[in-house]
Amino acid sequence: MTFLQDPEFGDRIITLMAALVLVLQIAAVGQRWIVSSIRIFAVQSFLLAAIAGIIAYFNHATHIYIAALLILGLKAVLLPWLLERLVKRIEIRREIEPLINAPLSILIAGCLTLVGYVVAQSFYHPEETSVRAALGHNTLAVAIALFLIGFFTTLNRRKALTQVLGLLSLENGLFLAAISLTYGMPLVVELGIFFDVLVAVMVLGILVFRIREAFDSMDVSKLRKLRE
Amino acid sequence: MILLWLLIVPLAASPLAFFLRRRSVIEVVNLAAFAVLLCLAAALGVRVVRSGPVSIWDGFFYADALSALVVLLTSFVALVCSVYAVGYFRHDERNGIFREKEELRAPLAVPKLREYYSLTPLLVFSMVLVALANNLGILWVAIEGTTLASVFLVMFYGRETSLEAAWKYAIIGGVGLSMALFGTILTYYSAHQALGTETLAGLNWSVLVGNAAQFDKPTIRLAFILILLGYGTKAGIAPMHTWKPDVYSEAPVPAAAMLAAGVLNCALYGLVRFYILTSKCLGPGFASHLLILFGLLSMGVAVPFILVQKNFRRMLAYSSIDHTGIMVLALGFGGPLGVLGMLLHMTFHSITKPLLFFCAGNVQQHLKTDLFREAKGGLIHSMPLSGAAFLMATLAVTGAPPFSLFLSEFTILRAGFSRGYLILAILFIAFLVAIFSGFLIHIANLVLGPDPGLPPAETCRWKKSSVVGLAVVIIVMGFWIPAPLFRLIQGAAGIVMGGR
């Protein structure tokens, strides 16, 4: 079992998983069914938790284990469960039409991935550290791409609930960035961020529910009374 | 210890209001909590001026003059807003605003009021935490907390338009703040490389500021841009200001005043902390140019919207965008004068803005509309106090002498000229004059003119006392700034200039 101790091996696994995370993010861009978007988000969060777990294992860092467990419990299980319940309550199945159609959206997501790689180049200093310390640094490009695509998804969607999903995947990108650059934020900060995310989803969930009641729709493009 | 009390008092007031049953008791608890908070904040200010920064728990909470100033302003705004809120909501209740939906009788407006009185202390708690957190990650968590605590305040009335405003607020705020979080992560990364600490202290501002010169420059550059966009969204700098008019016109007036005069300072406070780090790392040039650009853009965006505004509460929001722009511009001009001007402006703005909101709220409650078109002018006849105060607040907020905002704007102008930004300073004057005239014409048309024969407004002593009290403070501050307050502002300016 010596390969389990080998950072080189860990690095490959992490790269593979980060690639999967990115693929899922792009798949979510073209997704039209809300429930599948939620499940994609759940799987993505699970993979992030696994990446965090592997980094924790090779660095023997307890606080990363805790962050990994939190993301597993919160983002891979609790939030998808809450969101699916909300979907059932308000009986909405699919995103009717994103503002930009699916093929073009996926193309844009591809371009944003390229941007992510270009930006990440400036942070890449291969000469200065050993393999173990640099573990996961090459996932930074993926993290930036996740952030940008999440940004794009939030703007591109009309349904209140899918906007929330966009915001959450954007947050996933930030988590990956933090974990790949600095092995996570200090634990207290990490806890605070998780708490904020949880409260934010609840607040937004209640808001979605109220909007649904008031407008009989979650289409935020109908929210256009407040104009100059 | 005083730092802990500053956090505990509002945090305790929140659940207390939630479990109490009688309206008058809830109001008293709320007022008492904010009064105590103001005393504590004043005590903190005195202590910081006398004996330097205070910190507890290995520097987890840390207060220097800059934080003490923001805490003081926050607690002042919270207190005056909650005095006004008592009168405002009683008026709402008499007019059956709460009954309409719930089909309940008068005493049962309490659940709705309980919502307000338990959410505002939470909002104030987050604002105080913003100022006292030393850790830049916790600073972010607290600023996000201010958004979360105020979303329900924005949709307090549950109208369709308030839901729309709340949704915009939450989503734009959420996306914006995620950029700020990215900026914070990048700052941590560059500190991590330079200091090699993996402990909590690696994100502590007081530690970072001493070592900022060694940070990786490209990283800090990118981090500052993200922070400016992120906290700028929260402060309402153009072009990320679009949520502001909606939120300020839909939220109940005391909550809107708290957002405009309190949360604004907290967002700018976050920006200033990063500005200090950035200018220590990169020299002042880079950050200054960005700040000047965004500051002037915000002022410029506000001008046309104020000139052609149809709704007086939305006009207040554009005035707030304008003032955010002025403060950001002042920080961009930099130098001792620019920084002092910015902090003076922050102080005077926090004192003046609530009065404008209160008067607008009184007028709106009296006329049951917030459109200039439907108000027929001559308000001074039916509501002499609010009308006169509205006119005075307008003059004060647009920076007419002898009011104190004239002093700060003049200081900023001098900073602009002395740093050699000749054309920009002239542009600054042009924007100020345009906003002054637009604002004054609108409000003068609303307040002055022949008597349209409206019934006299009901006078509630809570509303009256908050308006009169605040007006007195504004007039006095026009001629005399208390020496300890000025020393606190000077101390804060010293921190922005020198780091410590």
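The coordinates are above.
Here the structure is a predicted model, which means the values were calculated and not measured.

> What's the story with the overall build of chain A in this structure? I'm lost.
Tallying secondary structure elements over chain A gives seven helices and zero strands in all. Each helix and strand of chain A, ordered N terminal to C terminal, gives the series α-α-α-α-α-α-α. Taking all 228 residues of chain A together, the buried fraction comes to 49%.

> Which parts of the structure should I look at to understand the interface of chain A and chain B?
By a widely used convention, the size of an interface equals the accessible area lost when the partners come together. Contacts between the two partners involve 36 residues from chain A and, on the opposite side, 33 residues from chain B. At the level of elements, α5 (140–156), α6 (160–182) and α7 (187–215) of chain A are the ones that each hand at least two residues to the side of chain A that touches chain B. When residues in the side of chain A that touches chain B are grouped by element, the largest group, 14 residues, is from α7 of chain A. Its residues assigned to classes, the side of chain A that touches chain B shows 26 nonpolar, five polar and five charged.

> Help me understand the nonpolar core in this model?
Burial of nonpolar side chains together is a common tendency in soluble globular proteins. Judged by nonpolar contacts, the single largest core of 266 residues is most densely connected at Ala 52 and Ala 177 of chain A together with Leu 69, Leu 132 and Ile 185 of chain B. The leading source of residues in this core is helix α11 (residues 253–282) of chain B, at 21 residues. What Leu 132 of chain B contacts, discounting residues up to four positions off in sequence, is Leu 3, Leu 6, Leu 7, Phe 61, Tyr 62, Ala 63, Ser 67 and Val 71 of chain B.

> Explain the environment of Ala 133 of chain B here, please?
Residue and element names in this part refer to chain B. By secondary structure assignment, the location of Ala 133 is in the loop between α5 (110–132) and α6 (136–154). You can call Ala 133 buried: it has 27 C-beta atoms within 10 Å. Residues Ala 133 and Phe 486, spaced 353 residues apart in sequence, show a C-alpha to C-alpha distance of 24 Å. In contact with Ala 133, not counting residues within four places along its chain, are Phe 61, Ile 138, Leu 139 and Ala 142.

> What's the story with unusual backbone geometry in this structure? I'm lost.
Outside of glycine, negative phi angles account for most residues, and trans bonds account for most peptide bonds. Residue and element names in this part refer to chain B. With omega at 5°, the peptide bond leading from Ala 238 into Pro 239 counts as cis. Note on placement: Pro 239 falls in the loop between α9 (217–235) and α10 (243–250). The omega torsion across Pro 401 and Pro 402 is 10°, close enough to zero to call that bond cis. Summarising the element assignment, Pro 402 is placed in the loop between α16 (384–397) and α17 (404–418).

> I tried to follow the packing of helix α3 (residues 65–94) of chain B against helix α20 (residues 483–498) of chain B on my own but got confused; where do I start?
Each pair of packed helices can be described by the angle between their axes along with the distance between the axes. Residue and element names in this part refer to chain B. Remark: α3 packs on α20, axes separated minimally by 7 Å, with the N-to-C direction vectors making an angle of 130°. Comparing the axis directions of α3 and α20 gives the class oblique. Seen from above, α3 lies across α20 with left-handed handedness. Residues Ala 65, Leu 66, Ala 68 and Leu 69 of α3 touch α20, and the partners they reach there are Leu 488, Ile 489, Gly 491, Ala 492, Ile 495 and Val 496.

> Is there a simple way to think about the packing of α6 of chain B against α11 of chain B in this case?
Residue and element names in this part refer to chain B. Where α6 meets α11, the closest approach of the two axes is 11 Å, and the angle between their N-to-C directions is 165°. With respect to their mutual orientation, α6 and α11 come out roughly antiparallel. The handedness of the crossing between α6 and α11 comes out as left-handed. Contact residues: Leu 139, Ile 143, Thr 146, Ser 150 and Leu 153 in α6; Ala 255, Leu 259, Val 263, Cys 266, Ala 267, Gly 270 and Arg 273 in α11. Looking at side-chain class alone, the contact of α6 with α11 contains eight nonpolar, three polar and one charged residues.

The rules behind the values
Residues numbered from 1 in each chain as written. Chains lettered and ligands numbered in written order. Predicted model: local features only at pLDDT ≥ 70, side-chain atom pairs only at ≥ 80, totals over all residues. Helix = DSSP H or I, 4+ residues; strand = E, 2+ residues; numbered from the N terminus. Buried ≥ 20, exposed ≤ 12 C-beta atoms within 10 Å, placed from the backbone. Contact = placed C-beta atoms within 7 Å. Nonpolar A, V, L, I, M, F, W, Y, C, P; charged D, E, K, R; others polar. Core = buried A, V, L, I, M, F, W, Y, C linked by C-beta atoms within 7 Å. Axes fitted to C-alpha atoms, helices over the stretch in contact; angles between N-to-C directions. Parallel < 35°, antiparallel > 145°, perpendicular 65-115°, else oblique. Left-handed = near helix turned anticlockwise from the far one by under 90°.

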